Amino acid sequence: MRHRIAVIGGGPAGLTFARVLHRHDHPVTVLERDPAPDARPPGGTLDLHEKLGQLALGKAGLLAEFQALSRPEGQAMRILDTDGTVLRDWQPRPDDRANPEIDRGQLRDLLLGPLDVQWGRGVTEVVPGARDGVLVHFADGRQETFDLVVGADGAWSRVRPAVSSATPHYTGVTLVETSLDDVDTRHPDLARLIGDGSMAVYGVNRALVAQRNSGGHVKVYAQFRAPLDWHTNLERHMGLNRRAGMDAGLDLADVEAVRSSLLALFDGWAAPVLDLLRHGTAFVHRPLYVLPVGHTWAHVPGVTLVGDAAHLMPPLGVGANLGMLEGAELAESVAAAPSSGDLDEAVRAFEEQMWARAGMWAKITTAGLERLVSPDPTEALAFFDEVQPS
Ligand SMILES: Cc1cc2nc3c(=O)[nH]c(=O)nc-3n(C[C@H](O)[C@H](O)[C@H](O)COP(=O)(O)OP(=O)(O)OC[C@H]3O[C@@H](n4cnc5c(N)ncnc54)[C@H](O)[C@@H]3O)c2cc1C
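Just so we're clear, the structure is a prediction, and the values are computed from it rather than from any experiment. (Residues numbered from 1 in each chain as written. Predicted model: local features only at pLDDT ≥ 70, side-chain atom pairs only at ≥ 80, totals over all residues. Heavy atoms only, no water.)

## Notes on the domain arrangement of the chain
Step number 1: Its domain assignment divides the chain into domain 1 (5–76 + 98–168 + 291–374) and domain 2 (171–289).
Step number 2: Distance between the C-alpha centres of domain 1 and domain 2: 30 Å.
Step number 3: Contacts between domain 1 and domain 2 engage 18 residues on the former and 22 residues on the latter.
Step number 4: When the two sides are added together, the surface that domain 1 and domain 2 hide from each other amounts to roughly 1,600 Å², 56% of it contributed by carbon and sulfur.
Step number 5: It is Leu369, Leu372 and Val373 in domain 1 that bury the most area against domain 2; as a group they hold 30% of the surface buried on that side.
Step number 6: One can count one salt bridge joining domain 1 with domain 2.
Step number 7: The closest approach of N and O atoms between Arg225 and Glu370, which form a salt bridge, is 3.4 Å.
Step number 8: In this structure, the connection of domain 1 to domain 2 is made through seven residue pairs in polar contact (both at pLDDT 80 or more). (Domains from an automatic or database assignment. Contact = heavy atoms within 4.5 Å. Buried area = accessible area lost by both parts, 1.4 Å probe. Salt bridge = Lys/Arg side-chain N within 4 Å of Asp/Glu carboxyl O. Polar contact = N/O pair within 3.5 Å; in protein donor to acceptor, adjacent residues only side chain to side chain.)

Given below as structure tokens:
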């Protein structure tokens, strides 16, 4: 029997789900809010782990193509002190394929392949229990019905309310992201500082992380503990009282004002490290939100969640990996379920497995964020010494 399956969201989790179903010759409707694949910048690089994201790509039959595209040298990781001293410099072995990096845009295109995504189809609500299945409402006022709706629509999921009342809460840590282009020719000193992979500097309650993407593109993340409204009064919320105007509120759209506020926030750090902010182009404000650790729900026939929609957690290199593996596993179970009763049992079993694994990672990443952006920067170093292979 061919179940009517819809996946809401064409991120790593949703596309992996669709691609594995496609590999099993099972029809799937992919509904994505963005009007086109390149409607917005795809975001930074992702490292895909052998036992998570790469396993999922294997299930999609895409591992060889991933290996050809990915950057094993991107596994390199360097940690500096705030005065610029190199504290750690991990280099991958030439044959190390444990966590190679890939640009998100490349991963998206790899997963898209032959999929027929319906772009520009924002979902507003999902209503289970309708006579003919699960009702999906769209922003344009239309409705469609499916046997199974998979919410892969990320942090602010519109599918989640159909199964759970949980909503993301602020972690107390904010990222401000900026980028450098063509770093090898335009900023060779910074290119050397960053190396082939990532570079991080940890200070008191703040950090600067730079990650190399392909083509000489670098993403820089300024991270700091701050109240959610930190930008409304820098003097009161951030203790930045050296310059007039810090109490007037920061316009997050004003590139130069954000740059000078960040430079004040990281004042005293080594000049080459601060050059990452001096040369950054636009700044994107990303307060970090999470769902409660161990988020589960009472099973609702016909609706489930994968990826960030199910278990938004701190960005410590596993969110996309988990979402992809969940997408792949759910697709395999769905494709193997002959009747609608079997389909529901398959989804139930999948959810139990997802909750256990995601709960474990949510605990690890939550504790990790506490240590990486912490009052005691030696905690960050200790964290890396624990997780980095020697
Ligand atoms: C700075 C940073 C670095 C990170 N680095 C890593 C890393 O190295 N490795 C890693 O594994 N993870 C990393 N993550 C986490 C990772 O980005 C997420 O966990 C991952 O993108 C989640 O995938 P997803 O498919 O569940 O959701 P998303 O990637 O958020 O995709 C959701 C999709 O749903 C669409 N959508 C949303 N709402 C609707 C709607 N109402 N209707 C239709 N479509 C909708 C969106 O447009 C989007 O395409 C990082 C996160 C951040 C912020």
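## Quick look at the nonpolar core
Step number 1: Ranked by internal contacts, the top residues of the largest apolar core, which has 65 residues, are Leu57 and Val126.
Step number 2: In terms of residue count, the dominant contributor to this core is helix 11 (residues 319–335) (eight residues).
Step number 3: Discounting residues that sit within four places of it in the chain, Leu57 has contacts with Leu48, Leu62, Leu63, Phe66, Leu107, Leu110, Leu111 and Met324.
Step number 4: Residues Trp230, Leu263, Ala264 and Leu277 belong to the second largest nonpolar core, which totals 36 residues. (Core = buried A, V, L, I, M, F, W, Y, C linked by side-chain atoms within 4.5 Å. Buried < 20%, exposed > 50% of the residue type's maximum accessible area, 1.4 Å probe, protein only. Helix = DSSP H or I, 4+ residues; strand = E, 2+ residues; numbered from the N terminus.)

## Considerations on the site of the ligand
Step number 1: Inspection of the region around the ligand gives 32 residues, with Glu32, Arg104, Val123, Asp308 and Ala320 positioned closest.
Step number 2: Note that an oxygen atom of the ligand is positioned 2.8 Å from one of the side-chain N or O atoms of Arg104.
Step number 3: Looking at the shell around the ligand, the elements that each hand over two or more residues are helix 1 (12–23), strand 3 (45–47) and helix 11.
Step number 4: Looking at the shell around the ligand residue by residue, the classes come out as twelve nonpolar, ten polar and ten charged. (Near = heavy atom within 4 Å. Nonpolar A, V, L, I, M, F, W, Y, C, P; charged D, E, K, R; others polar.)

## With respect to the packing of helix 1 against helix 4 (residues 104–112)
Step number 1: The contact between helix 1 and helix 4 brings their axes to 9 Å, and the two run at 25°. Viewed along their axes, helix 1 and helix 4 adopt a mutual orientation that is roughly parallel. Note that helix 1 runs across helix 4; the crossing there is left-handed. Between helix 1, through Pro12, Leu15, Thr16 and Arg19, and helix 4, the contact on the second element is made entirely by Leu107, Arg108, Leu110, Leu111 and Leu112.
Step number 2: Classifying every residue of the contact of helix 1 with helix 4 by side-chain character gives six nonpolar, one polar and two charged. (Axes fitted to C-alpha atoms, helices over the stretch in contact; angles between N-to-C directions. Parallel < 35°, antiparallel > 145°, perpendicular 65-115°, else oblique. Left-handed = near helix turned anticlockwise from the far one by under 90°.)

## With respect to the sheet that holds strand 10 (residues 143–146)
Step number 1: Strand order in the open sheet made by the three strands is 8-9-10, with antiparallel pairing throughout. Every interior strand has two partners, whereas the edge strands, strand 8 (123–130) and strand 10, have only one. Across the sheet, the mean angle from the axis of one strand to that of its neighbour is 25°, orientation sign disregarded.
Step number 2: Here strand 8 pairs with strand 9 (residues 133–138) via five bridges, running antiparallel. Of the residues in strand 9, the one forming a bridge with Val123 is Phe138. (Pairing = 2+ DSSP bridges.)

## What about the pairing of strand 14 (residues 206–212)?
Step number 1: Among the seven residues that make up strand 14, six are buried, leaving the element largely enclosed by the rest of the structure.
Step number 2: With six bridges joining them, strand 13 (residues 198–203) and strand 14 adopt antiparallel strand pairing. The partner of Gly203 across the bridge, within strand 14, is Arg206.
Step number 3: Hairpin remark: strand 13 followed by strand 14, antiparallel, with two residues in the connecting loop; positive phi at Asn205, about 60°.
Step number 4: With seven bridges connecting them, strand 14 and strand 15 (residues 218–225) associate as antiparallel partners.

## A word on helix 1
Step number 1: Helix length check: helix 1 (twelve residues) gives 16 Å between terminal C-alpha atoms against 16 Å at 1.5 Å per residue, within 8%.
Step number 2: Those residues of helix 1 that fall on the buried side of the exposure criterion are Ala13, Gly14, Leu15, Thr16, Phe17, Ala18, Arg19, Val20 and Leu21. (Expected span 1.5 Å × (residues − 1).)

## Regarding the pattern of salt bridges
Step number 1: Scanning all chains against the criterion turns up 23 salt bridges.
Step number 2: Salt-bridge contacts for Asp89 lead to Arg78; the nearest nitrogen and oxygen are separated by 3.3 Å. Of this pair, Asp89 sits in strand 5 (residues 86–90) while Arg78 sits in strand 4 (residues 77–80), and the two are eleven residues apart along the sequence.
Step number 3: Across the pair Glu256 and Arg259 runs a salt bridge whose closest N-O atoms are separated by 2.9 Å. One end of the pair is Glu256 and the other is Arg259, both in helix 8 (residues 255–265) and three residues apart, which spans about a single turn.
Step number 4: Look at the salt bridges and you will find they share partners, linking Arg4, Asp132 and Asp147 into a network.

## Looking at the sheet that holds strand 17 (residues 303–305)
Step number 1: Spatially, 7-2-1-11-17 is the arrangement adopted by the five strands of the open sheet, whose pairing is parallel. Only two strands of the sheet have a single partner each, and these edge strands are strand 7 (117–118) and strand 17.
Step number 2: Of the pairings in the sheet, the one linking strand 11 (residues 148–151) to strand 17 comprises three bridges and is parallel in character. Residue pairing for strand 17: Val150 is matched across the bridge by Thr304.
Step number 3: Of the strands in this sheet, strand 1 (5–8), strand 2 (29–31), strand 7 and strand 11 are in contact with helix 1, which crosses strand 1 at around 155°.

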